[in-house]
Amino acid sequence: MANSRLRYLVWLAVIWTFALVMLGAFVRLSDAGLGCPDWPGCYGHLTVPEKPHELAHAAATFGAMVEPEKGWKEMIHRYVAGGLVVIVLALTVLLARNRRKYRIPALLVFAPLLVIVFQALLGMWTVTLKLMPAVVTAHLLGGMTMLALLGAIAVKGTLPSINIRGATRTLAWIALAALLAQLAVGGLVSSNYAGLACDGFPTCRGSFAAPDGLAQMLRPDRQLGLTAEGAPLTIANLAAIHWLHRVGALIVTLLTVVLALKLAGYQRRLALLLLAALTLQVLLGIANVLFSLPLPLAVAHNGGAALLLFSLVSVIARSSGQRTQHVYANARHAFAGR
């Protein structure tokens, strides 16, 4: 019974985290990230103030007009994040109970809990630091890291291992590293609202060359809409980070296609799933540019990135190679009850 609970709980955590990533993207892209200017409540309430006297008091206290619609988007995101905390706590307890018996590494047991604590801090700093791009991007990466960790536990614990050759495993790790870097750049595009800065495809503002101002966009110590020196960002600055995101997409695409081709000879189904996730994400990225970033497509693009990340993590986690096996060697025994 305990092992059955463990299997269901870990997949619930994966699905819940994916939904939370999508919800977070929706909140950010619908400009509701500061729908509640305080944390963890909303204008001093556990729910969004809506009664006339509550709205008047909130406006007087915080010096801003209350927008209940945006506030509810942000609070629902926080409620769902709170639900994930409960799930991860329960999962950690169940994994810890099996750790000695099945020699599950402590890192595997406690890493999701540590990440979710740091995510809570980033969520608070996102509000208190007024959507500082570096913090918002770190918050996005934290969510993706949580998905990767839980996905690795679920896949390794419940799906059979597969034989992946050493060079292919190395390529999978390289592709994963490139994707993580691309997620960071994508987070900077989103947190700086630069999704439409490159007007055209495949060129950016009529050129394949990098626009000026990229170095400023990579500074972690600047506020939203400003350079590190406090000057307003220009369209060239925004186009530069979008251009870098396109270059990263090309690199990730090439690496993933080569990985899929290497897998196709002996793991065809896995190769096709990887190509399907990649194709979906590339098409969503192009569609967002061509159709001027409609909210549903923009949110779906975040979901596509999460699916591609999960696909690459699955390749590595299911590998029967010694490097990955050292980390996840006994997890499957705990889930299977052996």
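Residues numbered from 1 in each chain as written. Predicted model: local features only at pLDDT ≥ 70, side-chain atom pairs only at ≥ 80, totals over all residues. Heavy atoms only, no water.

**Overview of a nonpolar patch on the surface**
On the surface, a nonpolar cluster with roughly 420 Å² of combined accessible area is contributed by V117, F118, L121, W125 and L129. Tracing the chain through its elements places W125 in helix α4 (residues 106-128). A relative accessible area of 32% means that W125 is categorised as partly exposed. (Patch = residues over 30% accessible without salt bridge, like charges linked within 9 Å, V, L, I, M, F, W, Y side chains within 5 Å. Areas by Shrake-Rupley, 256 points an atom, 1.4 Å probe, with all protein chains shown as cover. Salt bridge = Lys/Arg side-chain N within 4 Å of Asp/Glu carboxyl O. Helix = DSSP H or I, 4+ residues; strand = E, 2+ residues; numbered from the N terminus. Buried < 20%, exposed > 50% of the residue type's maximum accessible area, 1.4 Å probe, protein only.)

**Some remarks on unusual backbone geometry**
Cis peptide bonds are those with omega within 30 degrees of zero, and the linkage from W39 to P40 qualifies with 5°. By the element assignment, P40 lies in the loop between α1 (2-29) and α2 (52-62). In this chain, F201 is followed by P202 through a cis amide linkage whose omega measures 5°. Tracing the chain through its elements places P202 in the loop between α6 (166-191) and α7 (214-217). If you check the backbone angles, Y193 has positive phi at about 55° while not being a glycine.

**Some words on the nonpolar core**
Proteins that are soluble and globular tend to have nonpolar side chains buried together. Core analysis: the largest hydrophobic core is formed by 54 residues, its most contacted members being L91, M144, L263 and L309. Elements that contribute at least two residues to this core include exactly α1, α3 (68-102), α4, α5 (133-158), α6, α8 (235-264), α9 (268-290) and α10 (295-318). In terms of residues, this core owes the most to one element, α5, which gives ten residues. L309 has contacts with M144, A148, L176, L179, L180 and L183, leaving out every residue within four places of it along the chain. (Core = buried A, V, L, I, M, F, W, Y, C linked by side-chain atoms within 4.5 Å. Contact = heavy atoms within 4.5 Å.)

**Side note on the confidence of the model for the protein**
Here the protein shows a mean pLDDT of 90. Residues at 70 or above account for 92%. Ranking the elements of the protein by mean pLDDT puts helix α11 (residues 322-328) last with 47 and α8 first with 96. (pLDDT = per-residue confidence, 0-100.)

**Regarding the packing of aromatic side chains**
This model, assessed by the stated rule, comprises three aromatic pairs. Taking the centre distance of 5.2 Å and the plane angle of 85° together, the rings of Y43 and F62 count as edge-to-face. Here the residue Y43 occupies a position in the loop between α1 and α2, and F62 occupies one in helix α2, the gap between them amounting to 19 residues. The buried category is assigned to Y43, whose relative accessible area is 7%. (Phe/Tyr/Trp six-rings, centres within 6.5 Å; stacked < 30°, edge-to-face > 60°.)

**With respect to the environment of P202**
Judged by its relative accessible area of 47%, P202 is partly exposed. Remark: the alpha-carbon pair of P202 and G303, spanning 101 residues in sequence, is separated by 22 Å. Ignoring anything within four residues of it in the chain, the contact list for P202 reads F208 and R246.

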